[in-house]
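Given next are the chains, with one letter for each unit.
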Amino acid sequence: MPHDLAPAVTEARIQPDGKPGILIVKLGAFGNIVLSMGAFAAIRKHHADARITVLTGAAYADWLRTFPYFDRVMVDPRPGRLDPTGTKRLRELLLSEPISRVYDLQTSARSSRYFALFPAKRRPEWSGIAFGCSLPDRDPNRNKLHDVVRIQGQLRQAGITDFPPPDLSWCRGDIGRFDLPADYAVLVPGSSPHRLLKRWPAAHYEALAAALRETGILPLVVGSKQEGSLATHIPSAVDLTGQTGFGDLADLARGARFAVGNDTGPMHLLATAGCPTLTLFSRDSDPTRCAPAGRVTRVLQRDDLNDLPVATVLETLTELQR
């Protein structure tokens, strides 16, 4: 069924009548959702008896339905500014149950527009940056902060002060079908197709994979099905593109020696699940704002990733494992 025809709402763990309704807005993207894991846990802990709903993008809805923090998942129809039918549908969705407070963790122009869809007399408390909201994030430096720090600052201003560490122990897959050896590493050579400057060259990944093979470490390439063409340029690695769901990535992270990849969503999940990670950044993104957060993480950055030698990556991996 196409996403625009699919049911916009699914329900689970319905709270008893009379409980306060909390809405979290987190539309995407993959990495930003992972960086919000601690915030999701903090909101659930702070509102332990509430019914918590999350509004998200269609690509992530099924995964968020498995999260232990939410009672209901709404799919954002993403209406355009000149789409009255889509806007009406979204408004009806937002008003489909009583909401006492909204945590807008997206804080984008789009999500801020959704504030105005609530009637003025029924407008909930709103934590975010929407004009006129009751719990604004007043930090003038918010756009210079790392995602985790920025979101925690926003929530503190809304009265939340206890932030449990991110926990992905509930996120499981089935990697037994891959019959992997004990010693393997994960390579993530892809990125958003419209941001190719974020990619270290596939030839460099192949040289890295070959070097890992020589040390007895099996390199695995992960990514979307569309990134399978990248894997063909890395023949020294096992191609798992298009074969790993979110739970599989978490399981791979728990057993991997380390992961190396570009600034892209899977690296965030691998890091948060506990895998030592080395993330490669170009001038196209800023690690001070969006580097993966995890137990052991390192970053290498060059304006142009073509200028990052394989030898430097191998040296950094040696340091990462000390």
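Here, residues in each chain are numbered from 1, in the same order as that chain's written sequence. Only residues with pLDDT of at least 70 get local features here, since the model is predicted, and only at 80 or more are side-chain atom pairs given and counted; chain-wide, interface and lining totals rely on the full set of residues. Remark: hydrogens and water are excluded; side-chain values derive from all non-hydrogen atoms of the structure.

Engineer: I keep staring at the confidence of the model for the protein and nothing clicks. Help me out?
Structural biologist: Regions with low pLDDT should not have their predicted coordinates read in detail. The predictor attaches a confidence to each residue, called pLDDT, with possible values from 0 through 100. Residues at a pLDDT of 70 or more form 95% of the protein, whose mean pLDDT is 94. Confidence drops under pLDDT 50 across residues 1-16; counting only partners more than four residues distant or on other chains, this segment forms 34 contacts. Note on definitions: a residue-residue contact is assigned when non-hydrogen atoms from the two residues lie within 4.5 Å.

Engineer: Could you clarify how one ought to interpret helix H12 (residues 310-320) in this entry?
Structural biologist: Each turn of an α-helix holds 3.6 residues, which means side chains three or four residues apart point in the same direction. Listing the buried residues of H12 in full gives Val310, Val313, Thr316, Leu317 and Leu320. The buried residues of H12 all sit within an arc of 125° when viewed along its axis, so they share a single face. Among the structural elements, helix H7 (202-214), strand E11 (259-262), strand E12 (277-281) and strand E13 (297-301) are those in contact with the buried residues of H12. Note on classification: 1.4 Å probe, protein chains only; a residue is buried when its accessible area is under 20% of the maximum for its type, exposed when over 50%, partly exposed between these limits. Only DSSP runs of H or I with at least four residues qualify as helices, and only runs of E with at least two residues qualify as strands; both kinds are numbered from the N terminus onward. The directions from the helix axis to the C-beta atoms form the arc being described.

Engineer: I'm lost on the packing of helix H9 (residues 246-255) against helix H10 (residues 265-272) in this one. Help?
Structural biologist: When two helices pack together, their arrangement is given by the angle between the helix axes and the distance between those axes. Comment: axis = line fitted to C-alpha atoms, over the contacting stretch for helices; angle = value between 0 and 180 degrees taken between N-to-C directions. Their axes nearest at 8 Å, the elements H9 and H10 cross at an angle of 50°. Overall, the two elements H9 and H10 adopt an arrangement that is oblique. As for the relative orientation of H9 and H10, their crossing is right-handed in sense. Residues Phe246, Leu249, Ala250 and Ala253 of H9 form the contact with H10, whose own contacting residues are Pro266, Leu269 and Leu270. Looking at the contact of H9 with H10, its residues break down into seven nonpolar, no polar and no charged. Roughly parallel refers to an angle under 35 degrees, roughly antiparallel to one over 145, roughly perpendicular to one between 65 and 115, and oblique to any angle outside these ranges. The hand of a helix crossing depends on one turn: near helix anticlockwise from the far one by less than a right angle means left-handed, and clockwise means right-handed. Classification used: nonpolar for Ala, Val, Leu, Ile, Met, Phe, Trp, Tyr, Cys and Pro, charged for Asp, Glu, Lys and Arg, polar for all others including Gly.

Engineer: What is the right way to read the pattern of salt bridges from this model?
Structural biologist: Opposite charge on two side chains allows them to pair when their charged atoms are near. By definition here, a salt bridge exists when the distance from a side-chain nitrogen of Lys or Arg to a carboxyl oxygen of Asp or Glu is within 4 Å. Within this structure, the stated rule accounts for 16 salt bridges. Salt-bridge contacts for Asp284 lead to Arg195; the nearest nitrogen and oxygen are separated by 3.0 Å. Note that Asp284 is positioned in the loop between E12 and helix H11 (287-290) and Arg195 in the loop between strand E8 (184-188) and H7, a separation of 89 residues in sequence. Under the relative-accessibility criterion, Asp284 is labelled partly exposed at 27%. Lys198 serves as the salt-bridge partner of Asp263, at 3.3 Å between the closest nitrogen and oxygen. Separated by 65 residues along the polypeptide, Asp263 in the loop between E11 and H10 and Lys198 in the loop between E8 and H7 bring together distant segments of the chain.

Engineer: Help me understand the state of the cysteines in this model?
Structural biologist: In protein structure, a disulfide is the covalent linkage between the sulfur atoms of two cysteines. Cysteine sulfurs are considered disulfide-paired once they come within 2.5 Å of each other. With the rule as written, the count across this model stands at zero disulfides. With no disulfide of its own, Cys290 lies closest to Cys275 among cysteine sulfurs, the gap being 19 Å. In this structure Cys290 comes out as buried when scored by relative accessible area, which is 19%.

Engineer: Honestly, the side chain of Glu97 in this entry has me stumped. Any pointers?
Structural biologist: Along the chain, Glu97 falls in the loop between helix H4 (84-94) and strand E5 (101-104). Whenever two N or O atoms come within 3.5 Å, that pair is a polar contact, provided that in protein one can donate a hydrogen and the other can accept it, and provided that, for residues adjacent in sequence, both atoms are side-chain atoms. A distance of 2.6 Å separates a polar atom in the side chain of Glu97 from a polar atom in the side chain of Arg51. If near-sequence neighbours (up to four positions away) are discounted, Glu97 is found in contact with Arg51, Thr53 and Arg72.

Engineer: Could you clarify how one ought to interpret unusual backbone geometry in this entry?
Structural biologist: Backbone geometry follows two general trends: most residues other than glycine have a negative phi, and most peptide bonds adopt the trans configuration. In the segment running from Gly28 into Ala29, the intervening peptide bond is cis, with an omega of -10°. For Ala29, the position within the fold is in the loop between strand E2 (21-25) and helix H1 (30-35). At Arg78, a position not held by glycine, the phi torsion is positive, near 50°. With respect to the helices, strands and loops of the structure, Arg78 is situated in the loop between strand E4 (72-75) and H4. Even without being glycine, Asp179 reaches a positive phi, approximately 50°. With respect to the element layout, Asp179 can be found in the loop between helix H6 (147-157) and E8. For Asp179, a relative accessible area of 68% puts it in the exposed group.

Engineer: Which parts of the structure should I look at to understand the sheet that holds strand E10 (residues 238-239)?
Structural biologist: Two modes of strand pairing occur in sheets, parallel and antiparallel, and in both the strands are linked by backbone hydrogen bonds. Ordered by their spatial adjacency, six strands build an open sheet running E10-E9-E8-E11-E12-E13, and the pairing between neighbours is parallel. The open sheet has two edge strands, E10 and E13, and neither has a second partner. For two strands to be treated as a pair, DSSP must find no fewer than two bridges joining them. Two elements, E8 and strand E9 (residues 218-221), share four bridges in a ladder whose sense is parallel. Residue pairing for E9: Val186 is matched across the bridge by Leu220. On top of the sheet, H7 reaches E8, E9, E10, E11 and E12; it is set at about 180° to E8, its chief contact.

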